[in-house]
Amino acid sequence: MATINDIAKQLGISKSTVSKGLNHATDISEELRQKILETAAELGYANKKLKKSDKKLCIFIENMHWDTPHHFGYDIVRGFRQFAEADGWKVDIIPATIELQKLTPYTVFMIQNGYHASFVLGFTLLDPWMRDFGTCKIPTVLYDNYVKNNPFVASVGCDNQEGFELSVKHLHQLGHRKIGLISGPMESYITNARHQAYMNALSKYNLEINEDFIRLGYYASEAARKYVPALMRNGVTAILFSHDIRAIAAINECNSTGIRVPEDLSIIGFDDLPLTTRTEPALTTIHQDRLALGRCGYYAISSLLNEVPIGSILLRAPLIVRGSTGPVPKNPHVVV
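Criteria and cut-off values
- Residues numbered from 1 in each chain as written.
- Predicted model: local features only at pLDDT ≥ 70, side-chain atom pairs only at ≥ 80, totals over all residues.
- Heavy atoms only, no water.
- Helix = DSSP H or I, 4+ residues; strand = E, 2+ residues; numbered from the N terminus.
- Buried < 20%, exposed > 50% of the residue type's maximum accessible area, 1.4 Å probe, protein only.
- Contact = heavy atoms within 4.5 Å.
- Areas by Shrake-Rupley, 256 points an atom, 1.4 Å probe, with all protein chains shown as cover.
- Lys, Arg positive; Asp, Glu negative; His and termini not counted.
- Charge placed at Lys NZ, Arg CZ, Asp CG, Glu CD.
- 1 Å grid on protein atoms, 1.4 Å probe; cavity = no way out; pocket = protein on both sides within 12 Å on 5 of 7 lines; lining within 4 Å.
- Points joined across faces, edges and corners; volume = space filled by probe spheres on them.
- Nonpolar A, V, L, I, M, F, W, Y, C, P; charged D, E, K, R; others polar.
- Pairing = 2+ DSSP bridges.
- Right-handed = clockwise from strand over helix to strand, strands pointing away.
- Axes fitted to C-alpha atoms, helices over the stretch in contact; angles between N-to-C directions.

Peer 1: It is not clear to me how the overall build of the protein should be interpreted in this structure. Could you clarify?
Peer 2: When its secondary structure is counted, the protein shows 12 helices and 12 strands. Oriented by its inertia axes, the alpha-carbon framework of the protein measures out at about 80 × 35 × 35 Å. Taken across its 336 residues, the protein has 53% of its residues classed as buried. Long-range pairs, those at least 24 residues apart, make up 69% of the contacts in the protein with a sequence separation of at least 6. In the form shown here, the protein has an accessible surface area of approximately 15,600 Å², with 51% of it arising from carbon and sulfur atoms. Across the protein, the 35 positively charged side chains and the 34 negatively charged ones have centroids separated by 3 Å.

Peer 1: Honestly, unusual backbone geometry in this entry has me stumped. Any pointers?
Peer 2: Glycine aside, the phi torsion of most residues is negative, and most peptide linkages are trans. That bond from Val 261 to Pro 262 is cis: its omega, 10°, falls within 30 degrees of zero. Turning to its location among the elements, Pro 262 is positioned in the loop between α11 (244-257) and β9 (266-271). For the peptide bond that leads from Glu 280 to Pro 281, omega is 0°, which places it in the cis range. The residue Pro 281 is located in the loop between β9 and β10 (284-287) in this model. The phi dihedral of Asn 63 is positive, around 60°, even though this residue is not glycine. Turning to its location among the elements, Asn 63 is positioned in the loop between β1 (56-61) and α4 (74-86).

Peer 1: What am I meant to see in the layout of surface pockets here?
Peer 2: Over the atoms, a rolling probe the size of a water molecule traces out where space has been left empty. If you add up the space inside the largest pocket, you get close to 1,000 Å³. Lining the largest pocket are 30 residues, and of these Asn 63, Met 64, His 243, Arg 246 and Asp 271 lie nearest its centre. Elements represented by at least two residues in the lining of the largest pocket include exactly α9 (189-204) and α11. Here the lining of the largest pocket is built from residues that sort into 12 nonpolar, 12 polar and six charged.

Peer 1: What exactly am I supposed to notice about the pairing of β1 here?
Peer 2: Of all six residues that make up β1, six are buried, and the element is covered over most of its length. Along β1, one buried face is formed by Lys 56, Cys 58 and Phe 60 and the opposite face, lined by Leu 57, Ile 59 and Ile 61, is buried too. Direction of pairing for β1 relative to strand β2 (residues 90-95): parallel, over a ladder of six bridges. Paired with Lys 56 across the bridge in β2 is Lys 90. The parallel pair β1 and β2 is bridged by α4, and the resulting crossover is right-handed.

Peer 1: Even after reading the chapter, I still don't get the sheet that holds strand β4 (residues 140-143), so can you show me in this structure?
Peer 2: Note: strands within a sheet are paired through backbone hydrogen bonds, in either parallel or antiparallel orientation. Taking strand neighbours across the sheet as the criterion, the six strands line up as β2-β1-β3-β4-β5-β11 in an open arrangement whose pairing is parallel. Of all strands in the sheet, those with a lone pairing partner are β2 and β11 (312-315), marking the two edges. For this sheet, the mean inter-axis angle between neighbouring strands, taken without regard to orientation, is 20°. Bridge count between β4 and strand β5 (residues 153-158): four bridges; the pairing is parallel. Across the sheet, residue Leu 142 finds its bridge partner in β5, namely Ser 155. Its contacts with the sheet place α4 against β1, β2, β3 (117-121) and β4, and it is angled at close to 150° to β2. This element, helix α6 (residues 106-113), spans β1, β2, β3 and β4 of the sheet and lies at about 145° to β1.

By themselves, these figures tell us nothing about what the structure is for.
Below is the structure:
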C-alpha cells in the first residue's frame, strides 16, 4: 500500500506538504491539494491514521429510494446504521449521482472527506465508480454487486439461485412447464445474476429454456403491458419477475385486461416489498430481509477494516407463497 513517502516522491514535494494536502491545511493551494489527492488515489493510498475520534462511514446510494418506510432501501440503511452507530461510527448518506462520480474519483472523494469505509447501494455496471472499485484500497462493501480480485471490496446480497430454484420448484409442483421471465436490461450485476439463476433453475427441473419466454425492458408498466400478453401467446403459464415492482405492474395490467391471476397466469416477484400484501391477489415473492442486509453490510465493513478480506455474504432467499400463484390452467387463456 502506498505511503506519504511514495506520494511525495512521485510529485517531487516534501512529506509535510503531502500531509498538509491530505489533512485540509489552508496554507497550500487548492490546485496542489487536488494534485496530492489524485496522486494518492492513483498510487492506492489509504489513510490508516484517520482520527479515531472522527469515525466516519458513508452510504452511497444511486438508483434506489430509501427515505420512507415503504421504500426498498429504507430498512437496509436502518439496519446498517443500527450496528454502525452502536459501535460509535457517524454515518453519512450520500446520493452518488453520475455527475459526482464523473467529477471526483472514488478514492479521492473518500480521502478528501475523511471516510474510513463505505457501503454502496443501487449501482449499475454503467456507474463510473464501478471501475474505481476494482483497484481501490479503501474498505468498500457493495450491495448486489461484485468486484473480482480486490481484497478491499466485499459484497452482500441474497442468494438469487436459491430464490429462483424455490420459485421454479413451486411452479413445477403446480403443473407449470412453460415459465417465463420479465426483467430489466442487463445493465446491472443483479439483473444478470437473476437471469442466470432463472436459466439454472429451469435446467435443474428439466424445463424448456426458450428465448421467446424472456423479455427485458426498462419501464415496469410498459413492460407489463407489452410483454405479459406476448409471453402468454407463446404458451407461458407462469412468469418470474426480477423485482416486485415489475410483478405488481403485471398484476395491475392483468386485472385491467381481464387476465385472471392466478387462474390464467401465475406471477412471482422478488424482494417482498410491503406493497406485495396489498395487491389483488397478494403477490407470491422471494423475500429479502433488508434489515439483515444492512447489518451484514456493516459486518462486512467491520471485517475489512480489521483486515479480514471477505468476499461475499449471501442471505437465504425464502419463497413467500401468497395468492398470485396457482395450478396450471386446464384451458389456457387466449390472448389476442
